[in-house]
Amino acid sequence: MKGINIVVCVKIVPKPEEVKLNLETNTLDRANASSIINPPDKNAIETAIQLKQIYGGQITVISMGPPFFDGFMKLIISMGVDKAILLSDRAFAGADTYPTTKTLSQAIKKLGNVDLVICGEESADGGTGNVPPGIAEWLNYSQATYCHEIDYDASEQRFIVKRSISDGFEIISIPKPAVVSVELNINTPRFPDFSLKKELDNNKHKIPIWSATDLDLEPNEIGLSGSFTTVDSLIQAKGLERKQIQIIGNIDDIVDQLVDLIINK
Amino acid sequence: MNSKEIWVFIEISDTGVEPVSWELLGKARELANKVNFLVTSIIISNKESKIAEEAIARGSDKVLYIIHNECSHYSFELFTKIITDLNEKFKPEILLMPATHNSRDLAGRLAIRLHTGLTADVVQLDINNQGILLGAVPGFGGSILAIIKCEQSIPQMATVRPGIFQSILPDQNRKGTIEYIFPQIKENLKETILIKKITLNKEDISKSPRLVIAGRGISSNLNEIRLLAELINGGVGVTRPISDMGLFGREHQIGSTGISVKSKLAIIFGASGATHFSSGIKNVETVISINLDHKALINEVSDYFIIADASEILPRIIDKLKLKMELIK
Ligand SMILES: Cc1cc2nc3c(=O)[nH]c(=O)nc-3n(C[C@H](O)[C@H](O)[C@H](O)COP(=O)(O)OP(=O)(O)OC[C@H]3O[C@@H](n4cnc5c(N)ncnc54)[C@H](O)[C@@H]3O)c2cc1C
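Attention in this report is confined to the structure presented alongside it.

Quick word on the overall build of chain A
Logical step 1: The helix and strand inventory of chain A stands at six helices and 15 strands.
Logical step 2: A total of about 11800 Å² of accessible surface is found on chain A, and carbon and sulfur atoms cover 51% of it.
Logical step 3: Seen as two clouds, the 26 positive and the 35 negative side-chain charges of chain A have centres 5 Å apart.

Examining the sheet that holds strand β10 (residues 144–149) of chain B
Logical step 1: Reading across the sheet, the four strands line up as β14(A)-β10(B)-β9(B)-β8(B) and stay open at both edges, with antiparallel pairing between neighbours. This sheet does not close on itself; its edge strands, each paired only once, are β14 (230–236) of chain A together with β8 (124–127) of chain B. Across the sheet, the mean angle separating the axes of adjacent strands is 25° when strand polarity is ignored.
Logical step 2: Here β8 of chain B pairs with strand β9 (residues 133–139) of chain B via four bridges, running antiparallel. Bridging from a neighbouring strand, Q124 of chain B pairs with A136 of chain B of β9 of chain B.

Description of the sheet that holds strand β13 (residues 209–210) of chain A
Through backbone hydrogen bonds, the strands of a sheet pair up, either in parallel or in antiparallel fashion.
Logical step 1: Here we have 10 strands laid out as an open sheet, ordered β13(A)-β7(A)-β6(A)-β1(A)-β8(A)-β12(A)-β9(A)-β10(A)-β11(A)-β13(B), and mixed in their pairing. Each of the sheet's edge strands pairs with one partner strand only, and the pair in question is β13 of chain A together with β13 (193–199) of chain B.
Logical step 2: Taken strand by strand, helix α2 (residues 70–79) of chain A contacts β6 (57–64) and β7 (83–87) of chain A, and its axis lies near 160° from that of β7 of chain A.
Logical step 3: Across the sheet, helix α4 (residues 131–139) of chain A lies against β1 (4–9), β8 (116–120), β9 (142–153) and β12 (178–182) of chain A, angled at about 75° from β9 of chain A, the strand it touches most.

Looking at the packing of aromatic side chains
Logical step 1: In total, this model carries 10 aromatic pairs over all chains according to the counting rule given.
Logical step 2: Each ring, one from F9 of chain B and one from F79 of chain B, has its centre 6.3 Å from the other, and the planes form 85°; the classification is edge-to-face. Here F9 of chain B, found in strand β1 (residues 5–10), pairs with F79 of chain B, found in helix α3 (residues 76–90); they are 70 residues apart in sequence, far enough to count as distant. A single burial state applies to F9 of chain B and to F79 of chain B, both of which are buried.
Logical step 3: Grouped by ring-pair contacts, the aromatic residues Y55, Y152 and F159 of chain A constitute a single cluster.
Logical step 4: Positioned above the aromatic ring of W210 of chain A is the side chain of K110 of chain A, whose terminal nitrogen or guanidinium carbon lies 4.9 Å from the ring centre.

Quick word on the interface of chain B and chain A
Logical step 1: Across the contact, 91 residues belong to chain B and 81 residues belong to chain A.
Logical step 2: Between chain B and chain A, roughly 7400 Å² of surface is buried when both sides are summed, and carbon and sulfur atoms account for 57% of that area.
Logical step 3: The tally of links from chain B across to chain A stands at 12 salt bridges.
Logical step 4: Tallied by class, the residues present in the side of chain B that touches chain A amount to 39 nonpolar, 26 polar and 26 charged.
Logical step 5: As judged from the six bridges shared by strand β11 (residues 168–175) of chain A and β13 of chain B, these two strands associate in the antiparallel manner. By the bridge assignment for β13 of chain B, F169 of chain A is matched with I198 of chain B.

Here's the deal with the nonpolar core
Logical step 1: Counting 39 residues, the largest nonpolar core has I6, I10, L96 and L125 of chain B as the members making the most contacts within it.
Logical step 2: With seven residues, the top contributor of residues to this core is helix α1 (residues 19–35) of chain B.
Logical step 3: For I6 of chain B, the contacting residues outside a window of four places in its chain are A28, L31, A32, F37, L38, V39, T40, I94 and L96 of chain B.
Logical step 4: By size, the runner-up hydrophobic cluster in this structure holds 37 residues, among which are I4, I12, L51 and V61 of chain A.

Quick look at the pairing of strand β11 (residues 156–160) of chain B
All names here are of chain B.
Logical step 1: In terms of residue burial, β11 counts as a mostly covered element, since five of its five residues are buried.
Logical step 2: As paired strands, strand β6 (residues 94–98) and β11 are joined by five bridges and run parallel to one another. Each bridged residue has a counterpart across the sheet, and for M97 the counterpart in β11 is T159.
Logical step 3: Where strand β7 (residues 118–122) lies against β11, three bridges are found, and the strand directions are parallel. The residue bridging T119 from the neighbouring strand is A158, located in β11.

A short note on empty space enclosed by the protein
Logical step 1: What the rule picks out here adds up to three cavities of 30 Å³ or more.
Logical step 2: Taken as a whole, the largest cavity holds about 80 Å³ of empty space.
Logical step 3: What lines the largest cavity is Q143, A144, R163, E170 and I172 of chain A together with H73, Y74, S75, F76, D105 and T192 of chain B.
Logical step 4: Secondary-structure elements contributing two or more residues to the lining of the largest cavity are β9 and β11 of chain A.
Logical step 5: Split into classes, the residues belonging to the lining of the largest cavity amount to four nonpolar, four polar and three charged.

A word on the site of the ligand
Logical step 1: Surveying the vicinity of the ligand reveals 29 residues, the closest of which are R216, T239, I254, T257 and S272 of chain B.
Logical step 2: Looking at what sits near the ligand, you find residues from chains A and B.
Logical step 3: In the model, a nitrogen atom of the ligand is placed 2.8 Å from a nitrogen or oxygen of the A310 of chain B main chain.
Logical step 4: When contributions to the shell around the ligand are tallied by element, the ones reaching two or more residues are α1 (39–55) of chain A together with α6 (240–244) and α7 (275–278) of chain B.
Logical step 5: Its residues placed into classes, the shell around the ligand shows 12 nonpolar, 12 polar and five charged.

As for the side chain of N5 of chain A
All names here are of chain A.
Logical step 1: Tracing the backbone shows N5 in strand β1.
Logical step 2: The buried category is assigned to N5, whose relative accessible area is 8%.
Logical step 3: A distance of 3.0 Å separates a polar atom in the side chain of N5 from the backbone oxygen of N113.
Logical step 4: In this structure N5 touches Q58, G112, N113, V114, D115 and L116, once residues within four positions along its chain are discounted.

Criteria and cut-off values
Residues numbered from 1 in each chain as written. Chains lettered and ligands numbered in written order. Predicted model: local features only at pLDDT ≥ 70, side-chain atom pairs only at ≥ 80, totals over all residues. Heavy atoms only, no water. Helix = DSSP H or I, 4+ residues; strand = E, 2+ residues; numbered from the N terminus. Areas by Shrake-Rupley, 256 points an atom, 1.4 Å probe, with all protein chains shown as cover. Lys, Arg positive; Asp, Glu negative; His and termini not counted. Charge placed at Lys NZ, Arg CZ, Asp CG, Glu CD. Pairing = 2+ DSSP bridges. Axes fitted to C-alpha atoms, helices over the stretch in contact; angles between N-to-C directions. Contact = heavy atoms within 4.5 Å. Phe/Tyr/Trp six-rings, centres within 6.5 Å; stacked < 30°, edge-to-face > 60°. Buried < 20%, exposed > 50% of the residue type's maximum accessible area, 1.4 Å probe, protein only. Lys NZ or Arg CZ within 6 Å of the ring centre and 35° of its normal. Buried area = accessible area lost by both parts, 1.4 Å probe. Salt bridge = Lys/Arg side-chain N within 4 Å of Asp/Glu carboxyl O. Nonpolar A, V, L, I, M, F, W, Y, C, P; charged D, E, K, R; others polar. Core = buried A, V, L, I, M, F, W, Y, C linked by side-chain atoms within 4.5 Å. 1 Å grid on protein atoms, 1.4 Å probe; cavity = no way out; pocket = protein on both sides within 12 Å on 5 of 7 lines; lining within 4 Å. Points joined across faces, edges and corners; volume = space filled by probe spheres on them. Near = heavy atom within 4 Å. Polar contact = N/O pair within 3.5 Å; in protein donor to acceptor, adjacent residues only side chain to side chain.

This is how it looks when you write it as structure tokens:
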């Protein structure tokens with residue numbers, strides 16, 4: 001195939017600000033939280049589209065999640081990717097990074113001939129950042145995380161990336177096939193083409209759904225039973241108590257009070 | 001006696017040992033004492049150095065010092081291979097690593113290769129009588145903590161956030177052993193090529209007692225933010241969009257993907273108070289915020305909040321402060 005065959009891994013997450021811990025049942029209350037495309041994953045999609053515009057190729061988005069996330073997949077197709085697939089199976093539930101990366105990598109294998117997998121740096125809910133290198137290990141691909149810039153050297157069949165590290169930046173070259181993760185806000189994700197979205201909704205465009213069986217995964221390899229870590233308990237992250245006092249008055253009063261506070265602290 | 005071991009991966013960058021490594025070592029010492037385990041530091045480099053002695057002075061019983069000519073700089077291929085081989089030989093119970101970009105890059109790959117559980121981005125650590133590690137991990141931007149354990153496999157792996165634990169002051173009288181290892185690794189294993197490295201001088205605001213913090217709502221007045229910080233002898237912190245725009249370096253960024261601060265005072269201008277940000281100011285003693293929006297989340301995590309245009313308030317605070325300081329002089 002000409003160009004780069006790209007897979008983007010996307011997660012649909014609840015808005016962090018809207019998830020509450022139910023202190024009585026010690027479970028998460030996500031029912032009232034709206035779902036969004038994990039913010040850095042949008043940057044991953046945009047990166048893929050820009051690479052395709054330069055080098056050609058094709059882009060497939062894969063996402064683990066329930067079938068009713070198909071609306072998000074259509075939204076993503078409307079941003080300009082070629083295909084979106086949902087990996088959906090009740091048995092996937094409760095997975096830590098070990099079975100999650102296994103599941104995603106099986107889907108990438110099934111797609112075949114993939115040159116580049118792009119992920120967001122981490123997910124806004126769990127936030128481990130361990131999925132991209134985990135996928136790379138299962139597939140025996142090279143890897144680069146926390147990237148800002150990604151370019152392709154077609155003659156050498158390598159990707160050149162700039163990534164951020166503790167003491168600055170590095171530019172490295174890694175052979176294809178590769179997994180990269182991109183940092184939040186490295187580009188401005190384009191808006192979906194809403195007329196295309198409407199069309200997809202109207203003509204009942206079906207988003208393919210791959211189950212554990214489709215991916216050749218055994219029950220003990222996925223979900224909770226495939227996980228090595230378990231959640232012992234959940235607690236509300238406590239900080240210091242806040243007084244929440246509003247300072248009011250005209251601007252001069254406010255500034256006076258503020259300056260007094262600052263000087264006395 | 002064949003004692004069980006807690007391993008600590010000591011991360012080295014061009015500017016030296018990443019301080020979080022010593023913080024981890026301090027915590028590992030405390031956990032090990034509780035259950036009578038040994039603490040081993042893992043150091044990977046291209047040459048000998050005094051870091052081995054420092055690791056002992058800071059709490060290690062043992063140092064495994066791996067020397068390979070291609071290890072002057074991190075690469076996932078070599079580092080994963082080296083630790084996998086060491087693990088095979090010594091079978092540690094626990095492996096702790098810094099939650100920095102490079103060590104997360106490594107830990108994520110290593111956990112799969114070692115077929116074990118990884119608790120990522122830990123902010124609290126404990127160990128029970130059975131030697132099971134209990135790691136508290138922030139979720140949803142830091143508003144909720146999940147206590148995670150890994151009972152079925154070893155090593156129990158965890159990456160730990162910088163700035164959470166205390167390092168031990170070096171004690172030159174501490175005793176420990178250093179074992180040098182020169183691994184034989186097949187050529188061409190490493191395919192990653194380092195083209196260029198850009199090292200930045202970094203300012204550390206994590207110890208600053210007073211902070212002036214800028215969010216997107218004040219992004220056009222950053223000079224005044226700097227000025228106010230100077231006036232009160234404090235540091236500048238920013239929200240992620242400000243560092244993403246390149247207006248301040250990443251080391252100034254506060255929050256779940258930045259640093260956590262413990263200053264006495266923080267004055268926050270034009271930040272919405274998203275949980276990914278607010279988790280970083282949890283331990284600030286007094287929080288003051290200025291935001292246009294009376295519904296902004298930042299109001300709820302402030303001791304004092306003001307609903308106003310920050311760009312109007314900021315210059316006036318500066319003027320007034322200058323005036324008062326003149327008077328005091
Ligand atoms: C995986 C992940 C990790 C993240 N990590 C971090 C992190 O470590 N740190 C972090 O900060 N964010 C992080 N974020 C981003 C976070 O979710 C928010 O998007 C971000 O904190 C918002 O920054 P802000 O408050 O500066 O900007 P905005 O959300 O745009 O808020 C600007 C605020 O300024 C106010 N305002 C505007 N004009 C004025 C004015 N003239 N006067 C007064 N107020 C004004 C507005 O009312 C608004 O409340 C992360 C996100 C994800 C998905």
